[in-house]
Amino acid sequence: MVQWIAAKLSSTQSGPPQLIYDDTCNFCTLAAALAVRHSDVESVGFSELTSTQRARLPPCYEACAHLLTDDAVYFCGRAMEETLVQMYPVLDPLFTVARRLPYYPRLRETIYHYISKYRGLTG
């Protein structure tokens, strides 16, 4: 695991953030299209991943969405949070404050996984 983390930190992308998502899911595809429409985020479906992109992701990357930036890899709820900030920069101070709350990360991930679990109903 330590080796994987070190590889991620030394990897660079030099370009706009990339939202990695499940392109077989209608809900996920619609969400990615919305992000592309309202920000400079690029969308990349699981089926379109390059070996370089895949190398930056965890082995079980298909469990949730990810956001790749030049200097970080965000997973699941945090990836969606960062994507929302890309779409609506005015939200950044709100999320900055929220991240200081001890229960916020767990709440964010719980909401993400709840929506993910029922995405078939909304897609």
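Residues numbered from 1 in each chain as written. Predicted model: local features only at pLDDT ≥ 70, side-chain atom pairs only at ≥ 80, totals over all residues. Heavy atoms only, no water.

J.: Before we move on, can you summarise the nonpolar core with the specific residues and values?
T.: Counting twelve residues, the largest nonpolar core consists of L19, Y21, C25, C28, A32, A35, V41, L67, A72, Y74, A79 and M87. Only β1 (18-21), α2 (26-38) and α4 (76-87) provide two or more residues apiece to this core. The leading source of residues in this core is α2, at three residues. Filtering out sequence-adjacent residues up to four positions away, Y74 remains in contact with A65, H66, L67, T69, A79 and E82. (Core = buried A, V, L, I, M, F, W, Y, C linked by side-chain atoms within 4.5 Å. Buried < 20%, exposed > 50% of the residue type's maximum accessible area, 1.4 Å probe, protein only. Helix = DSSP H or I, 4+ residues; strand = E, 2+ residues; numbered from the N terminus. Contact = heavy atoms within 4.5 Å.)

J.: With reference to specific residues and values, describe the side chain of E81.
T.: Along the chain, E81 turns up in helix α4. Within the local environment of E81, its side chain forms a polar contact with the side chain of Y104, the two groups lying 2.5 Å apart. With residues up to four places along the chain from it excluded, the contact list for E81 reads F95, R99, Y104 and R108. (Polar contact = N/O pair within 3.5 Å; in protein donor to acceptor, adjacent residues only side chain to side chain.)

J.: Help me get a handle on the pairing of strand β2 (residues 42-45), residues and values and all.
T.: Pairing analysis gives four bridges linking β1 to β2, with the strands arranged parallel. Residue pairing in the sheet places L19 in a bridge with S43 of β2. Regarding the hand of the β-α-β motif, the stretch spanning β1, α2 and β2 is right-handed. (Pairing = 2+ DSSP bridges. Right-handed = clockwise from strand over helix to strand, strands pointing away.)

J.: How would you explain the sheet that holds strand β3 (residues 66-68) if you had to name every residue and give the values?
T.: Here we have four strands laid out as an open sheet, ordered β2-β1-β3-β4, and mixed in their pairing. Each edge of the open sheet carries a strand with a single partner, namely β2 and β4 (73-75). With strand direction ignored, the average angle separating the axes of adjacent strands in the sheet is 20 degrees. Where β3 lies against β4, three bridges are found, and the strand directions are antiparallel. Looking at the pairing, L67 lines up with Y74 of β4. Seen against the sheet, α4 touches β1, β3 and β4 and runs at an angle of roughly 115 degrees to β4. (Axes fitted to C-alpha atoms, helices over the stretch in contact; angles between N-to-C directions.)

J.: Explain the state of the cysteines to me, and be specific about the residues and the numbers.
T.: Under the counting rule described, the total for this entry stands at one disulfide. What pairs with C64 in a disulfide is C76, and their sulfur atoms sit 2.1 Å apart. Disulfide C64-C76: the torsion about the S-S bond is -75 degrees, which places it as left-handed. Taken together, the residues span a long stretch of sequence, with C64 in the loop between α3 (51-56) and β3 and C76 in helix α4 at a distance of twelve residues. Like C64, the residue C76 is buried in the burial classification. (Disulfide = S-S within 2.5 Å.)

J.: Could you give an account of the pattern of salt bridges, naming the residues involved and the relevant values?
T.: Side chains carrying opposite charge are able to pair once their charged atoms draw close together. Under the definition given, this model contains seven salt bridges. Ionic pairing is found between R119 and D22, a salt bridge with its closest N-O pair at 3.2 Å. Taken together, the positions of R119 in helix α7 (residues 119-122) and D22 in the loop between β1 and α2 put the pair 97 residues apart, joining distant regions of the chain. For D22, a relative accessible area of 14% corresponds to the buried category. Two residues, R99 and E81, come together in a salt bridge whose shortest N-O distance is 2.6 Å. Of the two residues, R99 sits in the loop between α5 (92-98) and α6 (104-117) while E81 sits in helix α4, which places them 18 residues apart along the sequence. A relative accessible area of 2% places E81 in the buried class. (Salt bridge = Lys/Arg side-chain N within 4 Å of Asp/Glu carboxyl O.)

Coordinates in, geometry out; function isn't part of it.
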